[in-house]
Amino acid sequence: MVRIGSFLPGTDAETLFRTLLTDESGLTPILTLPAPPRAESLTPDTARPFARYRVSVLKAGYYTSADAGTTIFDGIRSLQPIYLVPESMPGAMPGGDRT
């Protein structure tokens, strides 16, 4: 399962945006994520001309994997590779979340 959380503008508060399932190859469908208009990146007074999301991947028997925050810009295709580590690999993920 892939969970995508969005961050509220100007804060670090995260809300669940979407939950997806992968196919047998581990890929999700292509998803368009909202972001502020590209033109805002040309204005120096704009606080944040991009959107922030956190992508978390959960699978039984693997450590949960989450990125530190994915930045999305309007009109730019972004790919977020996530690698899962089996729980059977001792010491592979010190302090990792066992989901």
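Cut-offs used in this document
- Residues numbered from 1 in each chain as written.
- Predicted model: local features only at pLDDT ≥ 70, side-chain atom pairs only at ≥ 80, totals over all residues.
- Heavy atoms only, no water.
- Phe/Tyr/Trp six-rings, centres within 6.5 Å; stacked < 30°, edge-to-face > 60°.
- Helix = DSSP H or I, 4+ residues; strand = E, 2+ residues; numbered from the N terminus.
- Buried < 20%, exposed > 50% of the residue type's maximum accessible area, 1.4 Å probe, protein only.
- Pairing = 2+ DSSP bridges.
- Core = buried A, V, L, I, M, F, W, Y, C linked by side-chain atoms within 4.5 Å.
- Contact = heavy atoms within 4.5 Å.

Draft legend 1. Fine view of the packing of aromatic side chains. Enumeration according to the criterion identifies two aromatic pairs in this entry. Here the aromatic rings of Phe 17 and Tyr 53 are separated by 5.6 Å at their centres, their planes lie at 65 degrees, and the arrangement is edge-to-face. Note that Phe 17 is positioned in strand S2 (residues 14-20) and Tyr 53 in strand S3 (residues 51-57), a separation of 36 residues in sequence. The interplanar angle of 55 degrees and the centroid separation of 5.5 Å between the aromatic rings of Phe 50 and Phe 73 together place this pair among those described as tilted.

Draft legend 2. Here's a closer look at the pairing of strand S1 (residues 2-7). Most of S1 sits inside the fold, with five of its six residues counted as buried. Of the pairings in the sheet, the one linking S1 to S2 comprises six bridges and is antiparallel in character. Bridge pairing in S2 places Phe 7 opposite Glu 14. Relative to S3, S1 runs antiparallel, the two sharing five bridges. Its bridge partner lying in S3, Val 2 is registered against Val 57.

Draft legend 3. Representation of the nonpolar core in the model. Counting residues in hydrophobic clusters, the biggest one holds nine residues: Val 2, Ile 4, Leu 20, Leu 33, Ala 51, Tyr 53, Val 55, Val 57 and Ile 72. Contributions of two or more residues to this core are made by S1 and S3. Here this core gets four residues from one element, more than from any other, and that element is S3. Ignoring anything within four residues of it in the chain, the contact list for Val 2 reads Arg 18, Thr 19, Leu 20, Thr 22, Thr 28, Val 55, Ser 56 and Val 57.

Draft legend 4. Looking closely at the environment of Pro 49. Mapped onto the elements, Pro 49 comes out in the loop between S2 and S3. Looking at Pro 49, the relative accessible area reads 17%, which means it is buried. C-alpha of Pro 49 to C-alpha of Asp 74: the two residues are 25 residues apart in sequence and 8.6 Å apart in space. Contacts of Pro 49, omitting those with residues within four sequence positions, involve Pro 36, Glu 40, Ser 41 and Phe 73.

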